[in-house]
Amino acid sequence: MIEGILGTKIGMSRMFTESGDSVAVTLISCGPCWIVDKKGEKLQIGYMETKERSLKKPNAEFFKKKNLPLLKVLKEVKITDEKNVPENGTMIYADMFKPGDKVDVSGISKGKGFAGVMKRWNFRGGPATHGSRFHRAPGSIGGASYPGRVFPGIKMAGRLGAEKVTQMNLEVIAVDREEHVLAVKGAVPGPSKSLLYIRKTTRGKNGS
Amino acid sequence: MVKMIKDQVRNNIPEFRPGDEVRVDWKVGQDRKRIQSYEGLVIAVKGKGINKTFTVRKQAFGIGVEKIFPLHSPLISSIEVLRRGKVRRSKLYFMRERYGKAAKLKEKREF
């Protein structure tokens, strides 16, 4: 089998377990993915059917030659079980995971723009009142005439977010193969409708 | 709405609004078998879909108690409307400052 599958974030909701507990879940529209090709040690999977006009001609021909639907996204994925490698053209569904499985979910986090040090690095900042005149500023960034420069790697304000983030060891709460939906406990990086990669976790005792 | 969420939405809930007095039979305990009744005034209904919750306020031994129930929770075995109140707003947080006779709401009567 392969390590993971591609999906799209739907949004967050609430689900009730059999014991009646309420769990915050993220709903992921998960797959179906096609096995497109074998690339060395990895398998290439494709996701999200599109129209021909939204693909470049050579890319569209690539799928036609392989007798596959036109796909928007391609990703190379590790093989976890060497004995059971799916053939090219097979479809992978959300039911590759079962409720109770632990997964890692990767995506592009929400962009925060140019963020100050309090938001970006969790600096404490200063008191809001009592005339401190020191509120959200970074404070000292180093010495004076010796060393006469700022050391590289000092935490400062700058662009935050919009980078690849992996949320690890999330529990799968529910799977729906027909509707291609996966419910995962907790939050997942990125805005709704963004592309996600869901794989069997590499963390803890469930990891490979 | 996604099907797996839709499946969890309960359809057997009586209609009630803020200002109504309700009795909620609520499964408690380790095995969630014992049923406890909680009776009071609905002061708020929040959220929509499966996230909908309602707040029930009552006086317990002279102290105001509020409990927030998820409307679609399987732990709610039944909800009974005891009295319909006549109110003009959707959030009755002003009831927190009232006690005794001032905390009475006019009953809504249907003719």
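Residues numbered from 1 in each chain as written. Chains lettered and ligands numbered in written order. Predicted model: local features only at pLDDT ≥ 70, side-chain atom pairs only at ≥ 80, totals over all residues. Heavy atoms only, no water.

J.: Let's hear about the interface of chain B and chain A: which residues, and what values?
T.: Contacts between the two partners involve 14 residues from chain B and, on the opposite side, 17 residues from chain A. Surface buried jointly by chain B and chain A totals about 1,300 Å² across both partners, of which 63% is contributed by carbon and sulfur atoms. Among the residues of chain B in contact with chain A, Val2(B), Met4(B) and Gln8(B) are the three that bury the most area, contributing 39% of the side total. If you look at where chain B meets chain A, you find 1 salt bridge. (Contact = heavy atoms within 4.5 Å. Buried area = accessible area lost by both parts, 1.4 Å probe. Salt bridge = Lys/Arg side-chain N within 4 Å of Asp/Glu carboxyl O.)

J.: Break down the nonpolar core for me, with residues and values.
T.: With 27 residues, the main nonpolar core has Ile5(A), Phe97(A), Val103(A), Leu182(A), Val184(A) and Ile198(A) as its most contacted residues. Contact partners of Phe97(A), with chain neighbours within four places excluded, come to Glu3(A), Ile5(A), Val103(A), Val172(A), Val175(A), Leu182(A), Ile198(A), Arg199(A) and Lys200(A). With 14 residues, the next largest nonpolar core counts Phe16(B), Val22(B), Val42(B) and Val56(B) among its residues. (Core = buried A, V, L, I, M, F, W, Y, C linked by side-chain atoms within 4.5 Å. Buried < 20%, exposed > 50% of the residue type's maximum accessible area, 1.4 Å probe, protein only.)

J.: A description of the pattern of salt bridges should follow, citing residues and the corresponding values.
T.: Under the defined criterion, the tally for this structure stands at 12 salt bridges over all chains. The shortest N-O distance in the salt bridge between Arg199(A) and Asp104(A) comes to 3.0 Å. Of the two residues, Arg199(A) sits in strand S12 (residues 195–200) while Asp104(A) sits in strand S7 (residues 102–108), which places them 95 residues apart along the sequence. Of the two residues, Arg199(A) and Asp104(A), neither departs from the other in class, the shared state being buried. Note that Arg84(B) is salt-bridged to Asp20(B), the shortest N-O span being 3.1 Å. Residue Arg84(B) is found in the segment after strand S5 (76–83), and its partner Asp20(B) is found in the loop between helix H1 (3–6) and strand S1 (21–28); the two are separated by 64 residues along the sequence. According to the relative accessible area criterion, Arg84(B) is partly exposed, its value standing at 32%. Among the charged side chains, a salt-bridge network with shared partners connects Glu52(A), Glu61(A) and Lys64(A). (Helix = DSSP H or I, 4+ residues; strand = E, 2+ residues; numbered from the N terminus.)

J.: A description of the sheet that holds strand S10 (residues 164–176) of chain A should follow, citing residues and the corresponding values.
T.: Residues and elements named next belong to chain A. Around the barrel, which closes on itself, the 6 strands sit in the order S1-S2-S11-S10-S7-S12 with antiparallel pairing between neighbours. Averaged over all pairs of adjacent strands, the angle between strand axes in this sheet comes to 50°, irrespective of strand direction. Inspection of the sheet shows strand S1 (residues 4–16) paired to S12 by 5 bridges, in the antiparallel sense. Paired with Leu-6 across the two strands is Tyr-197, which belongs to S12. (Pairing = 2+ DSSP bridges. Axes fitted to C-alpha atoms, helices over the stretch in contact; angles between N-to-C directions.)

J.: Can you explain the domain arrangement of chain A? Please cite residues and give values.
T.: Along its sequence, chain A is carved into domain 1 (4–111 + 164–200) and domain 2 (113–160). Between domain 1 of chain A and domain 2 of chain A, the C-alpha centre-to-centre distance is 40 Å. (Domains from an automatic or database assignment.)

J.: Help me get a handle on the pairing of strand S2 (residues 34–46) of chain B, residues and values and all.
T.: All names here are of chain B. Where S1 meets S2, 8 bridges bridge the pair, whose relative direction is antiparallel. The partner of Val-28 across the bridge, within S2, is Arg-34. Count of turn residues in the S1/S2 antiparallel hairpin: 5 residues, of which Gly-29 carries a positive phi of about 90°. As paired strands, S2 and strand S3 (residues 53–60) are joined by 5 bridges and run antiparallel to one another. When the bridges of S3 are listed, Lys-46 appears paired with Thr-53.

J.: Mind laying out the packing of aromatic side chains, listing which residues take part and the relevant values?
T.: All told, the structure shown has 5 aromatic pairs over all chains when counted by the stated rule. Ring geometry for Phe62(A) versus Phe63(A): centroids 5.3 Å apart, planes at 70°, classification edge-to-face. Between Tyr38(B) and Phe69(B), the ring centres sit 5.7 Å apart and the planes meet at 65°, which makes this aromatic pair edge-to-face. A residue pair is termed long-range when its members are at least 10 positions apart, and Tyr38(B) in strand S2 and Phe69(B) in strand S4 (residues 63–70) qualify at 31 residues. For the pair shown, Tyr38(B) and Phe69(B) are each scored as buried. Three or more aromatic residues link up through ring pairs in this structure, and these residues are Phe16(B), Trp26(B), Tyr38(B), Phe54(B) and Phe69(B). (Phe/Tyr/Trp six-rings, centres within 6.5 Å; stacked < 30°, edge-to-face > 60°.)

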